[in-house]
Amino acid sequence: MKIEQNISLKPYNTFGIDVNAKSYCNISSIDELIQCLEKYKEEKLFILGGGSNMLLTKDIEALVLHINLKGISIVEENENWVTVKAMAGENWHEFVLWTLEQNYGGVENLSLIPGNIGTAPIQNIGAYGVELKDAFVSCEAIDIKNQKLRTFTNEECKFDYRESIFKQQLKGKYIITSVNLKLSKKNHKLHLDYGALHDQLHSSGITDPTIQNVSDAVINIRQSKLPDPKE
């Protein structure tokens, strides 16, 4: 666990705003996170994920904990389904691309959404007829106050449209460390009813789409409507 002083956060927010963190710690393991929360429990903390849902306007006069937990693993599977565990610091879109490489279905409509895995349940991210809750099994999160690791089921997260318990009763009280998602291995159930998605597939001449086709269509739509944060 290394605490650095006066570190620029420009590389860690999608607007590329050059503000400094008074103190900064790159968190690459759950043990590091627990140690940091224990040691600095009296300090003001600023939790940083993918840096895509924030506008930094001034230097951060707090200890910035950059949640950079990495890893994707299979929890369980059968011939039809697989439960995948993804750590909080994994980039969401890169995770979606990984699922497509494995031919796992369920999150293809959520392609190109910015941010990391760990913040996806907070917002219950959604796009083109699909929400995270549709594939969500559970997540693990650490209580900031007592450093206890807790598992939250889909029901316990109280998901709603762009909503979860982490934006309401438990706002600022937990740090999500990993997410478990249930994905299909075959006979994928495609969600094609969203108007723009249907039109994009039709204009591409695709009548029997695969999950890869759906993802490509969503990416094309998003790129045509939204600016690239890197530019």
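See the structure above.
Only a predicted model underlies this, so the values are computations on that prediction, with no experimental measurement involved.

Caption draft 1: How the structure looks around the sheet that holds strand 4 (residues 60–67). Pairing in this open sheet of 4 strands is mixed, and the strands run 1-2-4-3 from one edge to the other. Unpaired on one side and paired on the other, strand 1 (3–8) and strand 3 (45–48) mark the two borders of the sheet. With direction set aside, neighbouring strand axes in the sheet form an average angle of 40°.

Caption draft 2: View of the side chain of S164. For S164, the location among the structural elements is in the loop between strand 10 (149–153) and strand 11 (174–184). Classification of S164 as buried rests on a relative accessible area of 1%. A polar side-chain atom of S164 sits 2.8 Å from the main-chain carbonyl oxygen of I122. A polar atom in the side chain of S164 sits 3.1 Å from the backbone nitrogen of F166. Among all residues touching S164, those that are not within four sequence positions of it are P121, I122, C157, K158 and F159.

Caption draft 3: Region of interest: helix 2 (residues 92–101). For helix 2, the complete set of buried residues consists of W92, H93, F95, V96, T99 and L100. Taken end-on, helix 2 shows its buried residues confined to a sector of 155°, consistent with a single buried face. Across helix 2 from its buried face, at more than 90 degrees, point the exposed residues E94 and E101. If you follow the buried residues of helix 2, they end up packed against strand 5 (72–77), strand 6 (81–87), helix 3 (120–123), strand 11 and helix 5 (211–225). Where helix 2 starts, the residue carrying a side-chain oxygen 3.1 Å from the main-chain nitrogen of H93 turns out to be N91. Taken from the residues just after helix 2, N103 is the one with a positive phi, measuring 60°.

Caption draft 4: Molecular detail of the side chain of H66. Structurally, H66 can be placed in strand 4. Judged by relative accessible area, H66 falls into the buried class, the value being 8%. The residues contacting H66, other than those within four sequence positions of it, are Y12, Y24, C25, N26, I27, L48 and G49.

Caption draft 5: Expanded view of unusual backbone geometry. The backbone of N6 sits at a positive phi, close to 50°, despite the residue not being glycine. Judged by relative accessible area, N6 falls into the exposed class, the value being 56%. At N187, a position not held by glycine, the phi torsion is positive, near 50°. Relative to the helices and strands, N187 is located in the loop between strand 11 and helix 4 (195–203). For N187, a relative accessible area of 71% puts it in the exposed group.

Caption draft 6: Here's a closer look at the packing of helix 4 against helix 5. It is at 9 Å that the axes of helix 4 and helix 5 come closest, and there the two elements cross at 110°. By the angle between their axes, helix 4 is roughly perpendicular relative to helix 5. Residues A196, L197, Q200 and L201 of helix 4 pack against N213, V214, A217, V218, N220 and I221 of helix 5. The class makeup of the residues in the contact of helix 4 with helix 5 is 7 nonpolar, 3 polar and no charged.

Quick notes on the rules
- Residues numbered from 1 in each chain as written.
- Predicted model: local features only at pLDDT ≥ 70, side-chain atom pairs only at ≥ 80, totals over all residues.
- Heavy atoms only, no water.
- Pairing = 2+ DSSP bridges.
- Helix = DSSP H or I, 4+ residues; strand = E, 2+ residues; numbered from the N terminus.
- Axes fitted to C-alpha atoms, helices over the stretch in contact; angles between N-to-C directions.
- Buried < 20%, exposed > 50% of the residue type's maximum accessible area, 1.4 Å probe, protein only.
- Polar contact = N/O pair within 3.5 Å; in protein donor to acceptor, adjacent residues only side chain to side chain.
- Contact = heavy atoms within 4.5 Å.
- Arc of directions from axis to C-beta.
- Parallel < 35°, antiparallel > 145°, perpendicular 65-115°, else oblique.
- Nonpolar A, V, L, I, M, F, W, Y, C, P; charged D, E, K, R; others polar.

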